[in-house]
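Structure assessment
Now for the letters of each chain:
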Amino acid sequence: MKRDFLEITDFTKDEILETFELAKQLKEKTKNRIEHHILKGRTLAMLFQKPSTRTRVSFEVGMYQLGGHALYLNPTEVGLGKRESVADVARVLSRFCDGIMARVFGHEIVAELAQYASVPVINGLSALTHPCQIMGDMFTIIEHKGDYKDLTITYLGDGNNVANSWVNLAAKLSFSLRLGVPQGYEPDQAILERTMAANVSKIEIIHDPVEAVRGADVVYTDVWASMGKEEEAEERKRIFPPYQVNETLLSKAAQDVIFLHCLPAHRGDEVTDGVMDGPHSVVFDEAENRLHIQKALMVKLMSNG
Ligand code: CP
Ligand code: NVA
C-alpha cells in the first residue's frame, strides 16, 4: 500500500523519530560525499501552483543526491484542475513517476491528488499545512538543543499553514507549544481541537507577545500574509507589529533561545535584521535541513515497490 505525506499526523511518533534519525544519517553521508543512491532510477514529479525557492531546490537536489530524478512542472503548463482534472493529472503522473510532490492553494487539491495517485504524494505546502517544513524545523531544533522534550516553543504571528503544522506535530511529540497570535488569527480550529484531544503536548494560545515569548527555548515566526493572502497584507501590517521578533522581544526569551523562520522572511516586518543575522538565529541551518529531512521522507515513502 502506498503511503502519502499530507500531514505530519500521517506518521506515527515512531515514524517521525525514525525520519529524524535517517535524515541525520543522510546528512552525514552528504557532508562526507559518500554516495547514497537509494532511489536510483526513481522519478519525482514536482507540481507547483505557487512560487518556491527552498522546496523546489531541496526536493530536486535531494532526488539527484539519492540517485533519482525530479522534474519541475510549473503552474501554467499543467493547469491543475483547469487544463485537466486533478484526478486525471494524478493518474497520468502515476504512470510515469514514482512519487508526486505538490505545492497547492487549497488543501483539497493535494488530498485529491493523493486519492487518485497510485504513487506516494507529498504535501509541499498547502493553504492549510506545511508538514515538510515543520519536520525540518524540529530536526534543526534537535540538532541545536539535543532533544525536543521539555522545550518551550513559541510561534509568533499569523496562525497559518506553518502554525497549523506545528500544532499537528504537537499531537505526536510532547513539548510545550505557545501560539502568540492576534485575536482572530488563531490556527485552524479543527487541528487545534484534534491536538488538544490527543493530550500529548501543552498547547497555549497567548495573545500578549511578551508573555508568549517569556522564557521560551525556541522562538519562531513566519510572514504575516502568506501566499494567497496578499490582498490582506496592508491590513495585517496594521495588526501584527506587536508580534515582530526584534531584539527587545527576543530578550524576554531564555538566554540560549534559538530563532527560526521558515523563510522567505520579510525583514523589517515580522523580523528585524538584528534577529535574522544575530547570534540566536539558526534560519540558514533550518533552510539547509529541508534537504536532509525530505531525502529521508522520500526514502521512507518511495524506496519500496
Ligand atoms: N520555506 C519554504 O517552503 O520556502 P519556499 O517557499 O521558498 O519553498
Ligand atoms: N506561510 C507562508 C510559508 C511560506 C514558505 C506561505 O504560505 O506563504
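Since the model is a prediction, treat every value here as computed from it, not as a measurement.

Counting buried positions over the nine residues of helix α7 (residues 161–169) gives nine, a clear majority of the element. All of the buried residues in α7 are Asn161, Val162, Ala163, Asn164, Ser165, Trp166, Val167, Asn168 and Leu169. Buried residues belonging to α7 abut α1 (13–31), α6 (131–145), β5 (152–156), β6 (176–180), α8 (189–198) and β8 (218–221). Between a side-chain oxygen at the N-terminus of α7 and the backbone nitrogen of Val162 the separation is 3.0 Å; the capping residue is Asn160.

For the rest of this paragraph, the subject is the packing of aromatic side chains. For the coordinates displayed, the defined rule picks out nine aromatic pairs. Through pairs of rings, three or more aromatic residues link up here, namely Tyr155, Trp166, Phe175 and Tyr220. Over the aromatic face of Tyr72 sits the side chain of Arg56, whose NZ or CZ is 4.1 Å from the ring centroid.

Below, the discussion takes up the site of ligand 1. Surveying the vicinity of ligand 1 reveals the residues Ser52, Thr53, Arg54, Thr55, Arg103, His130, Gln133, Cys262, Leu263 and Arg290. Side-chain polar atom of Arg103 to an oxygen atom of ligand 1: 2.7 Å apart, as the coordinates give it. Backbone polar atom of Cys262 to a nitrogen atom of ligand 1: 2.9 Å apart, as the coordinates give it. Relative to its unbound accessible area of 260 Å², ligand 1 is 96% covered by the protein chains. Each residue belonging to the shell around ligand 1 can be placed in one class, and the counts come to two nonpolar, five polar and three charged.

Leu125, His130, Asn160, Asn161, Asp222, Val223, Ser226, Met227 and Leu263 make up every residue found near ligand 2. At 2.7 Å, a side-chain N or O of Ser226 approaches a nitrogen atom of ligand 2. Contact distances for ligand 2 include 2.8 Å between an oxygen atom and a backbone N or O atom of Met227. Burial of ligand 2 by the protein amounts to 94% of the accessible area it has alone, namely 270 Å².

To continue, consider the pattern of salt bridges. In this structure the tally under the stated criterion is 17 salt bridges. With its nearest N and O atoms 2.8 Å apart, the salt bridge here joins Lys27 to Glu143. Taken together, the residues span a long stretch of sequence, with Lys27 in helix α1 and Glu143 in helix α6 at a distance of 116 residues. For Asp256, the salt bridge goes to Lys145, with nearest N and O atoms at 3.6 Å. Within this pair, whereas Asp256 is found in the loop between α11 (247–250) and β9 (258–261), its partner Lys145 is found in helix α6, the two being separated by 111 residues in sequence. Overall, the relative accessible area of 24% leaves Lys145 in the partly exposed class. Each of Asp158, Glu232 and Arg236 takes part in salt bridges that share partners, so that together they form one network.

Take the environment of His37 next. Counting through the fold element by element, His37 comes out in the loop between α1 and β1 (43–48). Taking the C-alpha atoms as reference points, His37 and Gly79, 42 residues apart in sequence, are found 32 Å from one another. Ignoring sequence-local partners within four residues, the contact set of His37 consists of Gln65, Leu66 and Gly67. At 3.5 Å, the side chain of His37 and the side chain of Glu35 are in polar contact.

This next bit is on the sheet that holds β8. With respect to topology, five strands assemble into an open sheet ordered β7-β6-β5-β8-β9, the strand pairing being parallel. The open sheet is flanked by β7 (202–205) and β9, the only strands paired with a single partner. Put simply, the sheet's adjacent strands are angled 20° from each other on average, direction ignored. With five bridges connecting them, β5 and β6 associate as parallel partners. If you follow Thr152 over to β6, its bridge partner there is Ser176. Its contacts with the sheet put α7 on β5, β6 and β8, and the angle it makes with β5 is roughly 155°.

Before going further, it helps to spend a moment on the environment of Leu22. Mapped onto the elements, Leu22 comes out in helix α1. The class of Leu22 is buried, set by a relative accessible area of 19%. Sequence separation between Leu22 and Asp273 is 251 residues; the distance between their C-alpha atoms is 34 Å. Contact partners of Leu22, with chain neighbours within four places excluded, come to Ala296, Val299 and Lys300.

Cut-offs applied
- Residues numbered from 1 in each chain as written.
- Chains lettered and ligands numbered in written order.
- Predicted model: local features only at pLDDT ≥ 70, side-chain atom pairs only at ≥ 80, totals over all residues.
- Heavy atoms only, no water.
- Buried < 20%, exposed > 50% of the residue type's maximum accessible area, 1.4 Å probe, protein only.
- Helix = DSSP H or I, 4+ residues; strand = E, 2+ residues; numbered from the N terminus.
- Contact = heavy atoms within 4.5 Å.
- Polar contact = N/O pair within 3.5 Å; in protein donor to acceptor, adjacent residues only side chain to side chain.
- Phe/Tyr/Trp six-rings, centres within 6.5 Å; stacked < 30°, edge-to-face > 60°.
- Lys NZ or Arg CZ within 6 Å of the ring centre and 35° of its normal.
- Near = heavy atom within 4 Å.
- Areas by Shrake-Rupley, 256 points an atom, 1.4 Å probe, with all protein chains shown as cover.
- Nonpolar A, V, L, I, M, F, W, Y, C, P; charged D, E, K, R; others polar.
- Salt bridge = Lys/Arg side-chain N within 4 Å of Asp/Glu carboxyl O.
- Pairing = 2+ DSSP bridges.
- Axes fitted to C-alpha atoms, helices over the stretch in contact; angles between N-to-C directions.

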